[in-house]
Amino acid sequence: GLEMAAAYRPDAVIVDINLPGIDGFEVFQRLQVADEGRNTPVIALSAGAMPNDIKRCQDTGFFDYLTKPLDIPALLATLDLALAARMEAAE
């Protein structure tokens, strides 16, 4: 995923927090230090819906936090906001 983000420079990234081998926080950090990912909105996705889980992601700098099972209207609304923010940052 990190290689794809570097190669394709997506307008937004959705990352699962509980990935095997490397967690979503590490993915977020690596995206933030790479020139091609620094201004990319990163949306956290996790089954953990406790307030402290959400706060940790907010404090880390994720654009937003979505929980599983995924609410498709919430996903689309979050992507709309993320893409708008990306456009503003590019101007």
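Cut-off values and rules
- Residues numbered from 1 in each chain as written.
- Predicted model: local features only at pLDDT ≥ 70, side-chain atom pairs only at ≥ 80, totals over all residues.
- Heavy atoms only, no water.
- Phe/Tyr/Trp six-rings, centres within 6.5 Å; stacked < 30°, edge-to-face > 60°.
- Helix = DSSP H or I, 4+ residues; strand = E, 2+ residues; numbered from the N terminus.
- Buried < 20%, exposed > 50% of the residue type's maximum accessible area, 1.4 Å probe, protein only.
- Lys NZ or Arg CZ within 6 Å of the ring centre and 35° of its normal.

Q: Summarise the packing of aromatic side chains; cite the residues concerned and give the values.
A: What the rule picks out here adds up to 2 aromatic pairs. Between F25 and F62, the ring centres sit 5.7 Å apart and the planes meet at 80°, which makes this aromatic pair edge-to-face. Linking F25 in helix α2 (residues 24-33) with F62 in the loop between α3 (51-60) and β3 (64-67), this pair joins segments that are 37 residues apart in sequence. Here F28 and F62 contribute two aromatic rings whose centre-to-centre distance is 4.5 Å and whose plane-to-plane angle is 35°, an arrangement assigned as tilted. A residue pair is termed long-range when its members are at least 10 positions apart, and F28 in helix α2 and F62 in the loop between α3 and β3 qualify at 34 residues. Taken as a pair, F28 and F62 share a single burial class, namely buried. Put simply, the rings of F25, F28 and F62 pair up and form one aromatic cluster. The ring of F25 is capped by R56, whose NZ or CZ atom sits 3.7 Å from the centre of that ring.

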